[in-house]
Amino acid sequence: MIRIHHLTKSFKKFRALDDINLQLERGQAVSLLGPNGSGKTTLIKSILGLVIPEKGSIHINGQEIRSHWSYRSKIGYMPQIGRYPENMTIRQVLAMLREVRKDCKHYDEELVRLFDLPAIDHKLMRNLSGGTRQKVSACLAFLFSPDILILDEPTAGLDPVASEILKDKIARERANGKLVLITSHVLSDLEDITSHVVYLQEGKLICFKTVEALKESTGQHQLNKVIAAMMQTHLHENDY
Ligand SMILES: Nc1ncnc2c1ncn2[C@@H]1O[C@H](COP(=O)(O)OP(=O)(O)OP(=O)(O)O)[C@@H](O)[C@H]1O
């Protein structure tokens, strides 16, 4: 579904992504992990076409994204910090985006209901708490029933109830055959929903494996212990 081939990106002399090769398929929930500054957001932005690679290519459903920007309508993106027209209400923002995407055949408003947003959708975006803003971002990422979901720190700032609602939604969408790509530093949040782990360090792909394979190779049973073991040992892909 997403094929990344020799992807390299530098900012001046600094190499943020270094020869990344990855093949991601529908039905996978891929946790994109690595220390601060390891290149996770740069990789996500490259897939979204917000960062232009200097070398390599990204294909989505067989088409190179550089020449076909319409692929973006297939991606739901939840950014780390959502930026919206601050003088609009939640209701107006949702209505505006539905208007922009009139072509969409099925609006998925399940999260809007589960987060109980209709009760507060008269509020202005500028007055929302951080967690409520995250809920709006989550609703917008799922709204157009995209085939691919890219969620950057999705549970950050959410209360435990909202966090469980979102994790449950992610798991169901994956079961429906969507490809979900998630970054989070809260590994306990990823435990139940992750099928595969991509681990980056200093812009290099250290590992791309199923959670089961990683648990087996490290002898650990919890995702946070598996990742801690990897971070300490700096082992390379072939070691896993
Ligand atoms: N536009 C830019 N200009 C210059 N350097 C950048 C730019 N964007 C990212 N970088 C650098 O590239 C490296 C990778 O950044 P990136 O945001 O991808 O890391 P990350 O893994 O998402 O980090 P975090 O876990 O802190 O969110 C960092 O050293 C960052 O400073």
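None of these values were measured; they are calculated from a predicted model. (Residues numbered from 1 in each chain as written. Predicted model: local features only at pLDDT ≥ 70, side-chain atom pairs only at ≥ 80, totals over all residues. Heavy atoms only, no water.)

**Quick look at the packing of helix H4 (residues 130-143) against helix H5 (residues 160-175)**
Between H4 and H5, the least distance of the axes is 12 Å, while the angle of their chain directions is 15°. Classified by the interaxial angle, the pair formed by H4 and H5 is roughly parallel. Regarding H4 and H5, the two cross each other, and that crossing is left-handed. Residues Lys 135, Ala 138 and Phe 142 of H4 pack against Ala 162, Leu 166, Lys 169, Ile 170 and Glu 173 of H5. Taken together, the residues of the contact of H4 with H5 break down into five nonpolar, no polar and three charged. (Axes fitted to C-alpha atoms, helices over the stretch in contact; angles between N-to-C directions. Helix = DSSP H or I, 4+ residues; strand = E, 2+ residues; numbered from the N terminus. Parallel < 35°, antiparallel > 145°, perpendicular 65-115°, else oblique. Left-handed = near helix turned anticlockwise from the far one by under 90°. Contact = heavy atoms within 4.5 Å. Nonpolar A, V, L, I, M, F, W, Y, C, P; charged D, E, K, R; others polar.)

**Regarding the layout of surface pockets**
Here the largest pocket is characterised by a volume of approximately 430 Å³. Taken together, 19 residues form the lining of the largest pocket, with Ile 75, Gly 76, Tyr 77, Leu 140 and Ala 141 sitting closest to its centre. Sorting the residues of the lining of the largest pocket by element identifies strand E6 (75-78), helix H2 (90-100) and H4 as the ones contributing at least two each. By residue class, the composition of the lining of the largest pocket is 12 nonpolar, four polar and three charged. The computed volume of the second largest pocket comes to approximately 150 Å³. Around the second largest pocket sit Ser 73, Lys 74, Arg 101, Asp 103, Cys 104, Lys 105, His 106, Phe 144, Ser 145, Pro 146 and Asp 147, which together line it. Class assignment of the residues belonging to the lining of the second largest pocket gives a composition of three nonpolar, three polar and five charged. (1 Å grid on protein atoms, 1.4 Å probe; cavity = no way out; pocket = protein on both sides within 12 Å on 5 of 7 lines; lining within 4 Å. Points joined across faces, edges and corners; volume = space filled by probe spheres on them.)

**Quick word on the site of the ligand**
Neighbouring the ligand are 13 residues; Gly 37, Lys 40, Thr 41, Thr 42 and His 185 lie closest to it. Asn 36 places a polar side-chain atom, nitrogen or oxygen, 3.0 Å from an oxygen atom of the ligand. For the ligand, the accessible surface in isolation is 640 Å², of which the surrounding protein chains cover 59%. Elements that contribute at least two residues to the shell around the ligand include exactly strand E2 (14-24) and helix H1 (40-47). Here the shell around the ligand gets three residues from one element, more than from any other, and that element is H1. (Near = heavy atom within 4 Å. Polar contact = N/O pair within 3.5 Å; in protein donor to acceptor, adjacent residues only side chain to side chain. Areas by Shrake-Rupley, 256 points an atom, 1.4 Å probe, with all protein chains shown as cover.)

**Topic: the pattern of salt bridges**
Counted according to the given criterion, the structure contains 17 salt bridges. Residue Lys 167 is joined to Glu 164 by a salt bridge in which the shortest nitrogen-to-oxygen separation is 3.0 Å. Placement of both Lys 167 and Glu 164 in helix H5 is noted, with a separation of three residues, approximately one turn of the helix. Here Lys 169 makes a salt bridge to Glu 173, at a shortest N to O gap of 3.1 Å. (Salt bridge = Lys/Arg side-chain N within 4 Å of Asp/Glu carboxyl O.)

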